[in-house]
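Close look at the chain arrangement
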Amino acid sequence: MMTKRNLLYILLIILVIGLYFYNNDTSDNTVIPSIDLSSQPLYQSDKMTTLLYDPFGNLSYKMSASKVKYFENSGKTLFEAPNITSYNRENIATWRIKANNATLMGNKILYLNDNVRLINQLPDAQLEKIITDNVKIDLKTQIVTSDDPVTIEGPAFISKGNRLFGNLRNKTADILENVKTYYNANAKSVENTIN
Amino acid sequence: ESSENPKINAMPISIDADNQQIDIQKNTMTFSGNVVIIQDNITIKANKVVITEIQSKEDQTITAYGQPVLFEQQVQKNDTHYKITGNADKLIYRVKQNDVTMQGNAQIKQKDNYINSNIINYDVQQRKIEAQSDTRQRVRTIIMPEQVKEIN
């Protein structure tokens, strides 16, 4: 039967359970939303130049960009409007590489995207320019690869094809699929045969 | 009569191939796989083609390898139109000098007139043929008399 004491005990139990739930609820929404650090760049700068040296201390790449973001935990560096110059061991500029943006993975692999141009800096070289959309460059081996349509221009020829495998160091460029080349000893007339 | 078509070597050359390698240090371009070269009225089909001295106008040379290399020239003379075809294991085209050299089982044909030899030299502009044999194999030429009048 419901004596006053039993009623009191039930009330107490209800009170305790109520308090318990009450505490849990409040503990959830009082948690401070933590900032996901990995998505924020460690540093961000405008108009910055990054210099990369080879193990012997020779300057191998100079990378300037309008905006640079470095993400520490992923080791990724994002460049906006990158303008990269590569140097050979005699410290002579060999290639200038431009694109809309680039991602450097741990100072080793460079991905360039949109409107990528590799321009040969050596005078009267037979291969002047490589133009494509996306390119991956292994900065150590200077191997350049792309799975996109690629155009290669030289004073005496224009070549178009798919997929590129190039070596900036020993200056070879392979176009891997269905190549179409217009070649002419006096090259200037090659321009108009294309368009 | 040879001046009636423009100097062929100034014409641009188009080259289609499965793939191409450009080597700047050696100034060569190598095309491989179903290579088709077209320059004006000349077509060359080969498995592999190497262009050397690409930077020099004078001595750049196109060397084609095939089983065999096929060479074809469409000739238009007043109203007559005929084809000169050739094949060989190897074909060397010195562009500036308009000079084609076919080496190894070389044959050049115009309608039913054949020339078989080890080496055949052919001037693409004057359409002059010169066959030599550096091995004991003799040069064999078959000329159909009634067709000779049309050729020249």
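Keep in mind that this is a model prediction, so the values were computed, not measured.

**Notes on the side chain of Ser14 of chain B**
Considering the arrangement of structural elements, one finds Ser14 of chain B in strand β1 (residues 13–17). Residue Ser14 of chain B is classed as buried on the basis of its relative accessible area of 12%. Not counting chain neighbours up to four residues away, the residues in contact with Ser14 of chain B comprise Lys180, Thr181 and Tyr182 of chain A together with Val36, Ile37 and Ile38 of chain B.

**Re the pairing of strand β10 (residues 157–167) of chain A**
All names here are of chain A. Two strands pair when backbone bridges link them, and strand β9 (residues 143–154) and β10 are joined in this way by 10 bridges, in the antiparallel orientation. Across the sheet, residue Gly154 finds its bridge partner in β10, namely Phe157. Linking β9 back to β10 in an antiparallel pair, the connection comprises two residues. Across nine bridges, the pairing between β10 and strand β11 (residues 172–183) is antiparallel. Counted as the bridge partner of Asn162 is Glu177 from β11.

**Considerations on the UniProt feature "transmembrane region" (unreviewed entry) in chain A**
This chain's UniProt record puts "transmembrane region" (unreviewed entry) on residues 7–23 of chain A. Note that residues 7–23 of chain A is 100% helix and 0% strand, and that its end C-alpha atoms are spaced 24 Å apart.

**What to know about the pairing of strand β6 (residues 80–94) of chain B**
Residue and element names in this part refer to chain B. With 14 bridges joining them, strand β5 (residues 61–77) and β6 adopt antiparallel strand pairing. Counted as the bridge partner of Thr63 is Ile92 from β6. Hairpin geometry of β5 and β6 is characterised by an intervening segment of two residues between the two adjacent antiparallel strands and by a positive phi of about 40° at Asn78. Two elements, β6 and strand β7 (residues 99–110), share nine bridges in a ladder whose sense is antiparallel. Along β7, the bridge assignment pairs Tyr93 with Val100. Count of turn residues in the β6/β7 antiparallel hairpin: four residues, of which Asn98 carries a positive phi of about 55°.

**Describing the pattern of salt bridges**
Residues and elements named next belong to chain A. In this structure the tally under the stated criterion is nine salt bridges over all chains. Linking Lys67 and Asp46 is a salt bridge whose minimum nitrogen-to-oxygen distance equals 3.3 Å. Placement of the pair is Lys67 in strand β2 (residues 59–71) and Asp46 in strand β1 (residues 43–53), with a sequence separation of 21 residues. Residue classification places Lys67 among the partly exposed residues on the basis of a relative accessible area of 25%. Connected via shared salt-bridge partners are Asp147, Arg163 and Glu177.

**Considerations on the nonpolar core**
One finds Leu112, Leu118 and Ile152 of chain A to be the most contacted residues of the largest nonpolar core, which totals 67 residues. Sequence-distant contacts of Leu112 of chain A, defined by excluding residues within four places in its chain, comprise Pro82, Ile84, Ile97, Ala99, Asn101, Ala102, Asp133, Asn134, Val135 and Ile137 of chain A.

**Comments concerning the confidence of the model for chain B**
All names here are of chain B. For chain B, the average pLDDT comes to 83, and 84% of its residues sit at 70 or higher. Ranking the helices and strands of chain B by mean pLDDT puts strand β4 (residues 42–52) first, with 95, and helix α1 (residues 145–151) last, with 58. Within the model, the stretch residues 1–6 combines pLDDT values under 50 with 11 contacts to residues more than four positions away or in other chains. Here the prediction assigns the complex a pTM of 0.74, and the interface score ipTM is 0.74.

**Here's the deal with the environment of Trp95 of chain A**
Residues and elements named next belong to chain A. Tracing the backbone shows Trp95 in strand β5 (residues 93–98). Remark: the alpha-carbon pair of Trp95 and Leu122, spanning 27 residues in sequence, is separated by 7.7 Å. In this structure, Trp95 is in contact with Ile84, Thr85, Ser86, Leu118, Ile119, Asn120, Gln121, Leu127, Ile130 and Leu168, ignoring residues within four places of it in sequence. Side-chain polar atoms of Trp95 contact the backbone oxygen of Leu168, separated by 3.4 Å.

**Notes on the side chain of Gln126 of chain A**
Looking at the secondary structure, you find Gln126 of chain A in the loop between β7 (109–120) and β8 (129–138). With sequence-adjacent residues up to four places away left out, Gln126 of chain A is seen in contact with Gly154, Pro155, Ala156 and Phe157 of chain A together with Ile24, Asn27, Ile54 and Gln55 of chain B.

**Quick word on the interface of chain A and chain B**
With 27 residues of chain A at the interface, the matching set in chain B holds 24 residues. Here chain A packs against chain B, burying approximately 2,100 Å² in sum over the two surfaces, 54% of which is carbon and sulfur. The interface formed by chain A and chain B holds one salt bridge in total. Summed over the shared surface of chain A and chain B, the result is 12 residue pairs in polar contact (both at pLDDT 80 or more). For the side of chain A that touches chain B, the secondary structure elements donating two or more residues are β10 and β11 of chain A. Looking at the side of chain A that touches chain B, the element that brings in the most residues is β11 of chain A, giving 12 residues.

The rules we used
- Residues numbered from 1 in each chain as written.
- Chains lettered and ligands numbered in written order.
- Predicted model: local features only at pLDDT ≥ 70, side-chain atom pairs only at ≥ 80, totals over all residues.
- Heavy atoms only, no water.
- Helix = DSSP H or I, 4+ residues; strand = E, 2+ residues; numbered from the N terminus.
- Buried < 20%, exposed > 50% of the residue type's maximum accessible area, 1.4 Å probe, protein only.
- Contact = heavy atoms within 4.5 Å.
- Pairing = 2+ DSSP bridges.
- UniProt positions renumbered as here; feature names shortened; annotations may be inferred.
- Salt bridge = Lys/Arg side-chain N within 4 Å of Asp/Glu carboxyl O.
- Core = buried A, V, L, I, M, F, W, Y, C linked by side-chain atoms within 4.5 Å.
- pLDDT = per-residue confidence, 0-100.
- Polar contact = N/O pair within 3.5 Å; in protein donor to acceptor, adjacent residues only side chain to side chain.
- Buried area = accessible area lost by both parts, 1.4 Å probe.

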